[in-house]
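Geometric and topological summary
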Protein chains: 2
Amino acid sequence: MEYFISIIINGNKVQVKAKKGANLLEILHSHSFDMASPCGGNGTCGKCKVKLKGAVAKPSGQELDLLGINAVKEGYRLACRVLVDSDIEVELDGREAEASILTAGKSRTVSLSPLVRKKNVKLDIPSLENQASDFERILSSLGDTVELNCIELVRKLPGTLRKSQFDITAVMYNNKMTAIENGNTQDTLYGIAVDIGTTTLVAYLYDICTGERVKVQSMLNPQKTFGADVLSRIDYTNGSDEARKEMNKTIINALNDIIHELTSENSIIPDNIYEMVFVGNTTMMHFLTDLPARYMAVSPFIPVVTALQIIDAGKLNLNINKGAIAAVYPCVSAYIGADTVAAVLSSGMYLDDRNCLLIDIGTNGEIVLGNNEKLYACSTAAGPAFEGANIKYGMGGIHGSIDTVSYDQGLEYTTIGGKKAEGICGSGLVDAVSVMLEQGVIDETGRIPDEDEIAQTALPLADRIIEEEGKGVFVIDKNKGIGITQKDIRELQNAKAAIAAGIRTLIKRSGIKMDDISRVYLAGGFGSHINVKSAVKIGLIPAQLEEKVESIGNAAGEGAIEGLLCAGMIDQAVDIARRIKYIELSGSPDFVDEYVNCMLF
Amino acid sequence: MEYFISIIINGNKVQVKAKKGANLLEILHSHSFDMASPCGGNGTCGKCKVKLKGAVAKPSGQELDLLGINAVKEGYRLACRVLVDSDIEVELDGREAEASILTAGKSRTVSLSPLVRKKNVKLDIPSLENQASDFERILSSLGDTVELNCIELVRKLPGTLRKSQFDITAVMYNNKMTAIENGNTQDTLYGIAVDIGTTTLVAYLYDICTGERVKVQSMLNPQKTFGADVLSRIDYTNGSDEARKEMNKTIINALNDIIHELTSENSIIPDNIYEMVFVGNTTMMHFLTDLPARYMAVSPFIPVVTALQIIDAGKLNLNINKGAIAAVYPCVSAYIGADTVAAVLSSGMYLDDRNCLLIDIGTNGEIVLGNNEKLYACSTAAGPAFEGANIKYGMGGIHGSIDTVSYDQGLEYTTIGGKKAEGICGSGLVDAVSVMLEQGVIDETGRIPDEDEIAQTALPLADRIIEEEGKGVFVIDKNKGIGITQKDIRELQNAKAAIAAGIRTLIKRSGIKMDDISRVYLAGGFGSHINVKSAVKIGLIPAQLEEKVESIGNAAGEGAIEGLLCAGMIDQAVDIARRIKYIELSGSPDFVDEYVNCMLF
């Protein structure tokens, strides 16, 4: 019998599981909440005071004595005296636990307890009285459940032990010793969390001894030479084993470049990187581990593996310590990847008893709906319009792209970095079309009138309609002639219809009512920049949800960082991946109906 | 709390451990004793009848009903009704369990349950209703505790699953899937047990589905080019990493040759070999796994690892299935190796409540003394005299070597294979010196009289003394002039003194009295051929033990085979290695005293 323990600290909540009868203080310690307990859990020092909600046995006389009757009435208890007997909520005093807690994301705290840890041990010097082998000598200090991770490491033992005069630091992953270093290097341990997007890689270097972020580095995914979207890249890898290996080598080389940039500037030795955590869509995760993605591209869309993979970094040819561990987050299906799982993790929606909707818009739109009990997800092929692709003057969200468009006295726009306009990015496109709708330039069908038609109206923006190749174009920047074409509007209609229909189908299939959705999280680069009002205006987001929208930035990256800093978060990701029920939209008649309905503005 | 369960079947005994309260039927099943239990352990069919000695709870009414009062009085019980509450002895009806039991050694039976097993599963075909990934699809059939052993294997999943139309056979090592094959190949599974001696390799190919021996193959250890003994070989590997790798490559190449010979003649595909088990002295085990043996050659004699090593065969570059498992038996110390542990295993002395002495004589003599509670071991540098080395006319135990020498009417001898004498092997040497002592040719000092001295006696063998380089030689074969020189006798005195002093020191240190030793096992090639009477005569074996001596052949090889066929035996080897207390003789004054005393005949 297992129960959920909700742990609240500094207003943030972490949920862990515990067995019936488990001691609450031990649970807190095992999840790295650094509760003081000088009496060793004997109920005599009163230091492990917590505020508790939920059914547990009555307070003991000890607790009444130490806490006083009033505190006990308010729900205070000694954690060491509480045995779990139901789902409970435990509030910790922030000051008590602060030492080992740090902020990983914007709104969550995780404890600092990474997958990989170091332990310095000073071994007995060999003698005729103590002839234990080098390995058994280490076991006698580290505990005899420790396993040899690899023969290469064993081979290095005699040299390292004697060079260090038997004062060594073991690098441990669970009970496996993955590396060994001379002397006491306990304080030197780095890790990198990586979000591999189809378009962009972002890598976060952390000191995982202190939990401090050292540097962030991003770059375009060089796999784009094999195709802009996952399907064309999978198609490329289907050609031959060599092509598949080439795809893998391309991402590995890029990662090694990023590792070099992250470390060299900060004089960090790549050998001191002992852990990497990866999130990304299922195809990116397949390319990373060089798995054949072929069967994800055809119905019924089958990945090779969706489970969490813990891999020796050496096997991935990453230029970090050979004994480092790479954790590849779990995926749900071919089109709900590790990035979505990580976004759900960092959003905290999987712990929320209210219904939340998470929308991550890229080439595909991943949508997750649910709460701390049920989670549903679907993926819709929105196409790359929101990323500025297939749009006549479209471009990514980089310097010089028009990112906001508005109408007050006249048409106004801004560009990223305040540079001269060179094109338009996704959020600018949504804004522009929203303005066109508001000002009556287009109606719900999205058709741009031609010059003659517009001349017969008294619309304030009439002068911005020009004709190109017989079709109307809505000009935003007159100098460069940057505007919105009829085809652009059709692309946007397709894209927003895909997302909107996905949301509606998910609502229908999950049985969760639109009105019962308390929060809408917009994740990813586009989600952070979008003007929510415009998104509602064009029908991307249902109007009822407008007030509930919150941008949560690179939620996938945050989820990866959480797992890098706290191994328990990786377990939570595994749990999330298992809990998410995937709704396949391909060939689903209700989705097609919704899609057609949503095409209109 | 753990207890010992002694299981007797067909007069042989296997001992296993069990926790307090464990169900006896489940214990028997978990150790692959194929007890019938059609009622599913509900105490209603009466098929799991066993005869039991030891304290357990009183028989239930069900047992009285099913077995009858007389059977219960004789000790019969239903295994499914018995919970372990003390050490017990259980006798099984041979006919019941025979199916899964086979004879591995001369005197022991082990159940057939190798480390590696196969399981055929027919998977659901992927569909939009079942989009599980390839790996998760397998898990759903094999159980979700199954782990991916390696990314290379995962990479093969999509191809193999579709080629086999989702009918596959998984190769499992514990809960790790190490390989996957098309279709149902459950009945094809081979393994090889190898005894790597300093001088000779012996490899045993088994069908580990049926437990049948397919073939045995032996060859000289080609590492001899780097030195005849372990010290000179270690010295060679100390030169450079390349030299160490060369030593490793030499044994791996030899093993691959043996694998080729074992398989090709029997049309067995090396890819169907999924397990190899290795025993040998600690240095040979280090060379096998390419570990630096340097610190075993100098005091205080520290190996790199003595624990059981389970290694991917691919990492050892063995030409068998890439997913095969190599089990390298545990060692005790630098000079008590995995071969001695395996010999103790197959001798059964670790289960015997009487005191047993095991002597394995080679270049080193390993001596183990003890019982089912305590085990002591030492190693003495006997030198290679017993292997015919450093002896003027010495040679190994091969065709044409004089292997027995006796005196009745006159001097008689036999050769191996009945060929013309070409030299003398260890057992012949011991016999010859024994005859010389008996017939008064030499006295307890071992000095061979010169021709003049011998001429003054009336000894029957006087005519066999000739003089070479001013020293007496005792001629055995007059045609070829094969004889025993004074130096040969000194070599033998050193060798036998080392063994005899080892035995005496071990007796002294263990506190076990000579008179309390019930059995003496002679292991190894020399041990099998030696004439016990002669060995006693020259003082190699104490006279009190003469009647208790038994040759047990290649006990190390047998111990390896036991582990190949039954994973539980590998556990027992680990237990034996832990239990053996190693007595270091180097620099021990009591050993030096005994050694000097034992030099005389």
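Let me sum up the structure you'll find in this document. (Residues numbered from 1 in each chain as written. Chains lettered and ligands numbered in written order. Predicted model: local features only at pLDDT ≥ 70, side-chain atom pairs only at ≥ 80, totals over all residues. Heavy atoms only, no water.)

Concerning the environment of S240 of chain B
Take S240 of chain B: it is sitting in the loop between α7 (230-237) and α8 (241-264). At 3.0 Å, the side chain of S240 of chain B forms a polar contact with the backbone nitrogen of A243 of chain B. (Helix = DSSP H or I, 4+ residues; strand = E, 2+ residues; numbered from the N terminus. Polar contact = N/O pair within 3.5 Å; in protein donor to acceptor, adjacent residues only side chain to side chain.)

Some remarks on the side chain of N281 of chain A
As for its placement among the helices and strands, N281 of chain A is situated in the loop between β15 (273-280) and α9 (282-288). At a separation of 2.8 Å, a polar atom in the side chain of N281 of chain A contacts the main-chain amide nitrogen of M284 of chain A.

Quick word on the interface of chain B and chain A
Taken together, the contacts link 41 residues of chain B with 41 residues of chain A. Across the interface of chain B and chain A, roughly 3,300 Å² is buried in total on both sides, 65% from carbon and sulfur atoms. Of all residues in chain B, the largest losses of buried area upon contact with chain A belong to Q131, I151 and R155 of chain B, amounting jointly to 19% of the total for that side. Inspection of the region where chain B meets chain A yields 4 salt bridges. Between D290 of chain A and R155 of chain B there is a salt bridge, and its shortest N-O distance comes to 3.8 Å. Remark: the boundary between chain B and chain A carries 22 residue pairs in polar contact (both at pLDDT 80 or more). (Contact = heavy atoms within 4.5 Å. Buried area = accessible area lost by both parts, 1.4 Å probe. Salt bridge = Lys/Arg side-chain N within 4 Å of Asp/Glu carboxyl O.)

Concerning helix α13 (residues 486-510) of chain B
Residues and elements named next belong to chain B. In this model, α13 (25 residues) spans 36 Å end to end at C-alpha, consistent with the 36 Å of a helix rising 1.5 Å per residue. Here α13 lies mainly inside the structure; 18 of its 25 residues are buried. Residue G511 follows α13 closely and has a positive phi angle near 75 degrees. (Expected span 1.5 Å × (residues − 1). Buried < 20%, exposed > 50% of the residue type's maximum accessible area, 1.4 Å probe, protein only.)

Some points on the pattern of salt bridges
Under the definition given, this model contains 38 salt bridges over all chains. In this structure, K20 of chain B engages D85 of chain B in a salt bridge whose closest nitrogen and oxygen atoms are separated by 2.8 Å. A residue pair is termed long-range when its members are at least 10 positions apart, and K20 of chain B in the loop between β2 (12-19) and α1 (24-30) and D85 of chain B in the loop between β4 (76-78) and β5 (88-92) qualify at 65 residues. For E63 of chain B, the salt bridge identified is with R77 of chain B, shortest N-O distance 2.8 Å. Taken together, the positions of E63 of chain B in helix α2 (residues 61-67) and R77 of chain B in strand β4 put the pair 14 residues apart, joining distant regions of the chain. Residue classification places E63 of chain B among the buried positions, given a relative accessible area of 1%. The class of R77 of chain B is buried, set by a relative accessible area of 7%. Look at the salt bridges and you will find they share partners, linking R155 of chain A together with D241, R244 and D290 of chain B into a network.

Section: the packing of helix α10 (residues 338-347) of chain B against helix α16 (residues 555-565) of chain B
Residues and elements named next belong to chain B. Two elements in contact, α10 and α16, have axes whose closest approach is 7 Å; the angle formed by their N-to-C orientations is 75 degrees. Considering their axes alone, α10 and α16 lie roughly perpendicular with respect to each other. Contact residues: α10 offers D339, A342, A343, L345 and S346, while α16 offers A555, A556, E558, G559, A560 and E562. Each residue belonging to the contact of α10 with α16 can be placed in one class, and the counts come to 6 nonpolar, 2 polar and 3 charged. (Axes fitted to C-alpha atoms, helices over the stretch in contact; angles between N-to-C directions. Parallel < 35°, antiparallel > 145°, perpendicular 65-115°, else oblique. Nonpolar A, V, L, I, M, F, W, Y, C, P; charged D, E, K, R; others polar.)

Notes on the relation of the copies chain B and chain A
Between chain B and chain A, which share one sequence, the superposing operator has a rotation angle of 180 degrees and an axial displacement of 0.1 Å; the RMSD is 0.2 Å. Between the two chains, the operation in question is that of a two-fold axis. Same-surface contact between copies: 100% of interface residues of chain B are shared with the interface of chain A. (Least-squares fit on C-alpha atoms with pLDDT ≥ 70 in both.)

Looking at the pairing of strand β17 (residues 325-328) of chain B
All names here are of chain B. By the alternation rule, side chains of β17 split into I325 and A327 and A326 and V328, which are all buried. Relative to β17, strand β15 (residues 273-280) is paired through 4 bridges, and the arrangement is parallel. Each bridged residue has a counterpart across the sheet, and for V277 the counterpart in β17 is A327. For strand β16 (residues 309-312) and β17, the ladder comprises 4 bridges, and the chain directions are antiparallel. Following the sheet pairing, I310 is matched in β17 by A327. (Pairing = 2+ DSSP bridges.)

Looking at the sheet that holds strand β8 (residues 116-122) of chain B
Sheets are built from strands paired through backbone hydrogen bonds, the pairs being either parallel or antiparallel. Residue and element names in this part refer to chain B. The 4 strands are arranged β8-β10-β11-β9 in an open sheet whose pairing can be described as mixed. Every other strand in the sheet has two partners, leaving β8 and β9 (147-148) as the edge strands with one partner each. As paired elements, β9 and strand β11 (residues 176-182) share 2 bridges and run parallel to each other. Within the sheet, the bridge partner assigned to L148 lies in β11 and is M177. Sheet strands in contact with helix α6 (residues 151-163) are β9, β10 (167-173) and β11, and its direction is about 30 degrees off that of β11.

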